[in-house]
Amino acid sequence: SPQRALIESEAEHFMDISGYDLEKAASIIHDEHRIQILVNLNGYTKGARNDLFALKPAPVQISYMGYCGTTGMPFIDYLVTDKHTSPVSAATSMHYSEKLVHMPHSYFVNNYKQNQHALDNLPSTTRASIGLPENGIVFCNFNQLYKIDRKIFNVWMNVLKKVPNSVLWLLRFPASGEQMVLDEAGRLGVPAERIIFTNVCGRDEHIKRAALADLFLDTPLCNAHTTGTDVLWAGLPVITLPEVKMSSRVMCSLCHAVNMPEMVVDSYEAYEALAVRWGNDSDQLNAMKQRLLSERMHAPLFDTLGWVRSFERACDLMWEDFVGGGWVYQRSQDYSSNMA
């Protein structure tokens, strides 16, 4: 892929060990290169090499990004996160086997600023060209359909009933779920024509056309993660409700890191009330869009270089903590200021 080629060309050292067996890969890490910090980007997702991590070939092993939650693996020492996604409290500490390392803003990293030229070169699109109504409020959610549970879907249907001429824009992600969603909407008294499905498209086109919507309605069960950064960069306001587990708190982190915490609510009732209020106030939504487009140029969420410097400092702190035998978890809130 172009991304892989870029990494290979810019990395000071690059070695592909995916084709080596367990023992050989561990030997390369431990004996040949003496890696000090090994990062697990997969967790329990496709392509994971957790058996390799189980051999503990590096003295410090961390989990980051690819798996949004604790690994529960005793050989993973640290989890890179932030104070909104993984707050340190008695209520949440039981959800993590790792020591927590808090990034100063959001743990999510991106490079939208560097890729904006690709979006600028895409042809303009209109609501009509993808089957959306030219007038009225367009609510949307671009997550995979499995993230939608009955509780939040009921809220969405209530919102549609209370905001005249509004529609809900979803993706066929997967296409097999479309009819089930429409059937459930019908059961709740919402006609099928008020829910509009479009096909999944390429990432750049996806970001560009997201700006055609008015408000992104997040899924509390499992938030928008990469999709969340996509829509915020597109200038699309969001409503999110953080719950307990890590995967249900990421959008809260993103909203704070783009300096718009008012998009975070604390109950399903507040979620519905805010969606209805904003849905019936197009001037408010337009003002929020303009604010997001302004904030994205200097908000911490889109400060890639700042994130890199903080992550480098986090690696230093993890290594110092390992050498000293301390617990990052107990001091994680102090670490964020040290990484600023």
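Presented here is an overview of the structure given in this document. Remember, it's a predicted structure, so these values are computed and weren't measured experimentally. (Residues numbered from 1 in each chain as written. Predicted model: local features only at pLDDT ≥ 70, side-chain atom pairs only at ≥ 80, totals over all residues. Heavy atoms only, no water.)

1. A short note on the pattern of salt bridges
Throughout the structure, instances matching the rule amount to 15 salt bridges. A salt bridge links Asp16 to Arg4; its shortest N-O distance comes to 3.0 Å. Of the two residues, Asp16 is situated in the loop between α1 (2-10) and α2 (22-32) and Arg4 in helix α1; the sequence distance between them amounts to 12 residues. For Asp16, a relative accessible area of 41% corresponds to the partly exposed category. We classify Arg4 as partly exposed; its relative accessible area is 35%. Arg203 is the salt-bridge partner of Asp230, the closest N and O atoms lying 3.5 Å from each other. With Asp230 in helix α9 (residues 226-233) and Arg203 in helix α8 (residues 203-210), this residue pair connects regions lying 27 residues apart in the sequence. (Salt bridge = Lys/Arg side-chain N within 4 Å of Asp/Glu carboxyl O. Helix = DSSP H or I, 4+ residues; strand = E, 2+ residues; numbered from the N terminus. Buried < 20%, exposed > 50% of the residue type's maximum accessible area, 1.4 Å probe, protein only.)

2. Some words on the sheet that holds strand β5 (residues 138-141)
Here five strands make up an open sheet; going across it, the order is β7-β6-β5-β8-β9 and the pairing parallel. Of all strands in the sheet, those with a lone pairing partner are β7 (195-198) and β9 (238-239), marking the two edges. Pairing analysis gives four bridges linking strand β6 (residues 167-171) to β7, with the strands arranged parallel. In the sheet register, Trp169 faces β7, and the bridge partner there is Ile196. (Pairing = 2+ DSSP bridges.)

3. Re the packing of aromatic side chains
The full count for this structure, using the stated rule, is 13 aromatic pairs. Ring geometry for Trp307 versus Phe311: centroids 5.1 Å apart, planes at 10°, classification stacked. A residue pair is termed a helical-turn pair when its members lie 3 or 4 positions apart in one helix, as Trp307 and Phe311 do in helix α13 (residues 304-324) at four residues. Across the pair, Phe311 and Trp307 agree in class, each one buried. An aromatic cluster is present here, built from Tyr64, Tyr107, Phe108, Trp307 and Phe311 joined pairwise through their rings. Sitting over the face of the ring of Tyr20, Lys24 holds its NZ or CZ atom 6.0 Å from the ring centroid. Of note, Arg296 hangs over the ring of Trp233, and the distance from its end group to the ring centre comes to 4.2 Å. (Phe/Tyr/Trp six-rings, centres within 6.5 Å; stacked < 30°, edge-to-face > 60°. Lys NZ or Arg CZ within 6 Å of the ring centre and 35° of its normal.)

4. Side note on the packing of helix α6 (residues 150-162) against helix α11 (residues 268-279)
Axis separation between α6 and α11 bottoms out at 9 Å; the angle between their running directions is 30°. Of the possible angle classes, the one that applies to α6 and α11 is roughly parallel. In this structure, α6 crosses over α11, and the sense of that crossing is right-handed. Residue-level inspection shows Lys151, Ile152, Val155, Trp156, Asn158, Val159 and Lys162 of α6 in contact with α11, the latter providing Tyr268, Tyr271, Glu272, Ala275 and Val276. Considering only residue class, the contact of α6 with α11 consists of eight nonpolar, one polar and three charged. (Axes fitted to C-alpha atoms, helices over the stretch in contact; angles between N-to-C directions. Parallel < 35°, antiparallel > 145°, perpendicular 65-115°, else oblique. Left-handed = near helix turned anticlockwise from the far one by under 90°. Contact = heavy atoms within 4.5 Å. Nonpolar A, V, L, I, M, F, W, Y, C, P; charged D, E, K, R; others polar.)

5. Details of the environment of Leu132
Checked against the element boundaries, Leu132 lands in the loop between α5 (112-120) and β5. A relative accessible area of 4% means that Leu132 is categorised as buried. Each C-alpha atom, one on Leu132 and one on Ile196, is 7.2 Å from the other, the two residues being 64 residues apart in sequence.

6. Looking at the side chain of His84
Considering the arrangement of structural elements, one finds His84 in the loop between β3 (78-82) and α4 (90-93). Setting aside anything within four residues of it in sequence, one finds His84 in contact with Arg249, Cys252, Ser253 and His256.

7. Focus on the environment of Leu22
By the element assignment, Leu22 lies in helix α2. Linking Leu22 and Arg49, residues 27 residues apart in sequence, is a C-alpha distance of 8.7 Å. Other than its neighbours up to four places away in sequence, Leu22 contacts Arg49, Asp51, Leu52 and Leu55.

8. Notes on the state of the cysteines
Enumeration over the complete set of coordinates arrives at zero disulfides. Counting only cysteine sulfurs, Cys255 is the nearest neighbor of Cys252, a cysteine outside any disulfide, at a range of 7.0 Å. Left unpaired, Cys315 is separated from the closest cysteine sulfur, that of Cys68, by 19 Å. (Disulfide = S-S within 2.5 Å.)

9. Notes on the packing of α8 against α9
Viewed as axis vectors pointing N to C, α8 and α9 meet at an angle of 55°, and their least axial separation amounts to 8 Å. Taken together, the axes of α8 and α9 are oblique relative to one another. Considering how the two elements wind past one another, α8 and α9 form a crossing that is right-handed. Each of Arg203, His206, Ile207 and Ala210 in α8 lies in contact with α9, whose residues at this interface are Asp230, Val231 and Trp233.

10. Quick notes on the pairing of β5
Covered by surrounding structure in β5 are Val138 and Cys140 together with Phe139 and Asn141, the residues of both alternating faces. Sheet analysis places β5 next to β6, joined by four bridges and oriented parallel. Paired with Asn141 across the bridge in β6 is Leu170. A crossover links β5 with its parallel partner β6, the connecting element being α6, and its sense is right-handed. (Right-handed = clockwise from strand over helix to strand, strands pointing away.)

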